[in-house]
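These are the residues of each chain, in order.
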Amino acid sequence: MLLIRTYVAQSAIEGVGVFAADPVRKGASIWRLDPDFDRLIPMEKYEAAGPHLRELLDRYAYPSPDKPGFMVYEVDNGRFMNHSERPNTDFSQYGGAIAIRDIAAGEEITCDYGEFFEDFARLHLATA
């Protein structure tokens, strides 16, 4: 769940992205795992889902780093956060994230998917 005010808009990276509505200071907590807003979906449900739901989850969910057999689907704007090789956030400590530099209001918030999705690099290279 995002802990800062954000909005979704067109992204120069891909499609849409999540943007800071207010300035964010370096070191500020910006996200934390909250099971009320970040749904843990068992892989059996994903595998049994229809094609439209699977397509949604393929795009916006990721394998849970600490709960094997589950996917995480964020229901807030966090699901629109794009990957960057030089992100402005740090998600390396699973369960939370911080800004690693000041983020201006109106700036896209990015993360390194590899910090919480172990196979991202391999999957990304296979689909690139």
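Small disclaimer: the values here were computed from a predicted structure and weren't measured. Throughout, residues of each chain are indexed from 1 in the direction in which the sequence is written. Local features in this predicted model are restricted to residues whose pLDDT is 70 or higher, and side-chain atom pairs enter the listing and the counts only when it is 80 or higher, whereas totals over whole chains, interfaces and linings include all residues. Where side-chain values are given, they derive from all heavy atoms of the structure, hydrogens and water being excluded.

## Some remarks on the UniProt feature "domain: SET" (unreviewed entry) in the protein chain
Filter applied, for reference: UniProt positions are given in the numbering used here, feature names are shortened, and annotations may be inferred rather than shown by experiment. The helix and strand labels rest on DSSP assignments: H or I over at least four residues marks a helix, E over at least two residues marks a strand, and numbering proceeds from the N terminus.
As recorded in UniProt, the sites labelled "domain: SET" (unreviewed entry) are residues 4–114. Split by type, residues 4–114 is 14% helix and 33% strand. Its first and last C-alpha atoms lie 22 Å apart.

## Structural notes on the nonpolar core
Under the convention used in this document: Among buried residues, the Ala, Val, Leu, Ile, Met, Phe, Trp, Tyr and Cys ones that are joined through side-chain atoms within 4.5 Å form a nonpolar core. Per-residue accessibility, obtained with a 1.4 Å probe over protein chains only, is compared with the maximum for each type, and a residue is labelled buried under 20%, exposed over 50%, and partly exposed between these values. Every residue pair with non-hydrogen atoms within 4.5 Å of one another is taken to be in contact.
Core analysis: the biggest nonpolar cluster contains 18 residues, and Ile-30, Trp-31, Met-81, Phe-91 and Ile-109 have the highest contact counts within it. Of all elements in the fold, only strand 2 (16–20), strand 3 (29–32) and strand 9 (96–99) reach the threshold of two or more residues within this core. Apart from the residues lying within four places of it in its own chain, the contact partners of Trp-31 are Met-1, Leu-2, Leu-3, Asp-38, Tyr-62, Glu-74, Phe-91, Gly-95, Gly-96 and Ala-97.

## Topic: the sheet that holds strand 9
Applied cut-off: Only strands joined by at least two bridges in the DSSP assignment are considered to pair.
On the basis of which strands lie adjacent, the open sheet formed by 3 strands has the order 3-9-8 and antiparallel pairing. Both outer strands of the open sheet, strand 3 and strand 8 (89–90), are each paired with one neighbouring strand and no more.

## Some details on the sheet that holds strand 6 (residues 70–74)
Rules: Fitted lines through C-alpha atoms give the axes, limited to the stretch in contact for helices. The angle between two N-to-C directions lies from 0 to 180 degrees.
Strands sit in the order 4-6-5 across an open sheet of 3 strands; the sheet is antiparallel. The open sheet terminates on both sides in strands that have one partner only, identified here as strand 4 (38–42) and strand 5 (61–63). The mean angle between the axes of side-by-side strands here comes to 30°, regardless of whether they run parallel or antiparallel. As defined by bridge partners, strand 5 adjoins strand 6 across 3 bridges and the pair is classed as antiparallel. Bridge assignment links Ala-61 to a residue of strand 6, and that residue is Tyr-73. Sheet strands in contact with helix 2 (residues 51–60) are strand 4, strand 5 and strand 6, and its direction is about 70° off that of strand 5.

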